Amino acid sequence: MSDKTSYAEFSNVPTAEVDTVPFYFYVIEGVLLSSTSLFMVFLILITSKLRNQKEYQIFILCILFDAVFGLAYISAGIHRLQLVNHYERVPLVSRWQCINYLHNHVFVFITPGAGILALLTSFDRFFSVFFPLKYIKVQADRYFFLLITVLILSTVPTTVLSYVYSYQNGTKKDVNGMCLLVQGVTKDMFLVLRATRILTTIIAVLLYVPIAFRMYFLIKRSAAFNIKVGQASKLRRMTVTVSLITLSQLILFTLPDTALFFRPGMQSMVFYVMNLNKGILNVIIFFVTQRDLRKALLQRISSLIGKRFRAIGEIEVSSIQNADSSTRRDKKNTSVTPVRFLR
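Sequence order as written defines residue numbering, which begins from 1 separately in each chain. Owing to the predicted nature of the model, reporting of local features is limited to residues with pLDDT of at least 70; listing and counting of side-chain atom pairs is limited to 80 or more, with chain, interface and lining totals taken over all residues. As a rule here, side-chain values cover all heavy atoms of the structure and leave hydrogens and water aside.

Worth spelling out the cut-off: UniProt positions are given in the numbering used here, feature names are shortened, and annotations may be inferred rather than shown by experiment.
The name given to the chain in an unreviewed UniProt entry is G-protein coupled receptors family 1 profile domain-containing protein, with the source organism recorded as Steinernema carpocapsae. Per UniProt, the chain has the following entry under Subcellular location (unreviewed entry): "Membrane".

As structure tokens, then:
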């Protein structure tokens, strides 16, 4: 905001004392996370072998979630850098103003949504290992839309209540204009949002205990369950991928969430950077554990390089052919015509 009359009240915090390094991290890593995530989604969608699998519908949802997560951090970073660059002191705003910034629109959804998504993926893996034959027979069509519908509907109550309570708080400008989530929602709703993510993530992690035992038993006796070796291997890889993603969420989301739950006023930027790096870690997990995804990427790169070399080759061949044609014409034009002598 370049208009210095946008805020009528200011806090006692000089913007010169605000550490802007995390904000640059927000923007840079947010761009990296969103662009990489969208590229991965595009790669899956253009690869028919991947997009037609139920498991990759789960992956698409997780990756899109990370892309939106990155967008929220980009918006938050830009907003806070603007405040630091345009004001001598951090301005004060109302909670209603604060919650209506783009990044808080997203944070209100993704804070509980991350835990709910982890729980959904755990349920998916639970169903796949305890009822593998039924899971294999489930059609992939509309699976993504079913998942995203459940995710959105599950976050509606907390989202609606967050906006209602912030609106009821009135227009009193009593929160920091940096507008962290805790400043956009009421204290009670902040605790509810964090608690939702903590509890759902912990439940998701605990579900992997029976999943792990069942997976071990299933792979050992795959023949008895009429499961092909390839299907059992695929089931194992998918479960490992999702379990690692859930574990990373436990470390990079749940631990900071727990600290913020007991101390909501704590404004440690380290926690928010940890949250952001969870998405980067997810990208690494996907590529390391999913052979089909790596193969699809390499095939696309190979195809692009091949097309490039073919195009260069065609240009060179065309140039040679044109040169040969020109040479033949020159020889024809310079050939000596026989002279006839009259007797």
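Looking at a positive patch on the surface
Where we set the bar: Patch members must show over 30% relative accessible area and no salt bridge, and they are joined within 9 Å when carrying like charges or within 5 Å when they are nonpolar side chains of Val, Leu, Ile, Met, Phe, Trp or Tyr. Using the Shrake-Rupley algorithm and a 1.4 Å probe, accessible areas are obtained, with residue cover drawn only from the displayed protein chains. A carboxyl oxygen of Asp or Glu within 4 Å of a side-chain nitrogen of Lys or Arg is what we treat as a salt bridge. Note that His is not counted, nor are the chain ends; the positive residues are Lys and Arg, and the negative ones are Asp and Glu. Charge coordinates come from a single atom per side chain, which is NZ of Lys, CZ of Arg, CG of Asp or CD of Glu. Counting from the N terminus, the helices are the DSSP runs of H or I reaching at least four residues and the strands are the DSSP runs of E reaching at least two.
Residues Arg 236, Arg 291, Arg 294 and Lys 295 make up a contiguous surface patch of positive charge. Checked against the element boundaries, Arg 291 lands in helix α12 (residues 291-333).

Some points on the state of the cysteines
By definition, a disulfide links the sulfur atoms of two cysteines through a covalent bond. The line we're drawing: Two cysteine sulfurs form what is called a disulfide whenever their separation falls within 2.5 Å. For every residue, the accessible area obtained with a 1.4 Å probe (protein chains only) is divided by the maximum for its type, and the residue is called buried under 20%, exposed over 50%, and partly exposed between those limits.
Tallied over the full model, the rule gives one disulfide. The disulfide partner of Cys 98 is Cys 179, and the gap between their sulfur atoms is 2.2 Å. Here Cys 98 is found in helix α4 (residues 95-99), whereas its partner Cys 179 is found in the loop between β3 (175-176) and α8 (181-184), with 81 residues between them in sequence. For Cys 98, a relative accessible area of 0% gives the class buried.

Overview of the packing of aromatic side chains
To be explicit about the condition: Only Phe, Tyr and Trp rings are paired, with Trp represented by its six-membered ring, and only when their centres lie within 6.5 Å; those with planes under 30 degrees apart are stacked, over 60 edge-to-face, the remainder tilted. As a reminder, the over-ring test applies to NZ of lysine and CZ of arginine, requiring each to be within 6 Å of the ring centre and within 35 degrees of the ring normal.
Per the stated rule, a full pass over the model turns up 15 aromatic pairs. Look at Phe 69 and Phe 253: their rings are 5.6 Å apart centre to centre, the planes differ by 50 degrees, and that puts the pair in the tilted class. Separated by 184 residues along the polypeptide, Phe 69 in helix α3 (residues 54-86) and Phe 253 in helix α10 (residues 229-262) bring together distant segments of the chain. Overall, Phe 69 belongs to the buried group, its relative accessible area being 3%. Cluster of aromatic residues (ring-pair linked, three or more members): Phe 23, Tyr 26, Phe 69, Tyr 73, Phe 107 and Phe 253. If you follow Lys 54 out to its NZ or CZ, it ends over the ring of Tyr 135, 4.8 Å from the centre. For the cation-ring pair, Arg 197 lies above Phe 253, with the distance from its terminal atom to the ring centre recorded as 4.1 Å.

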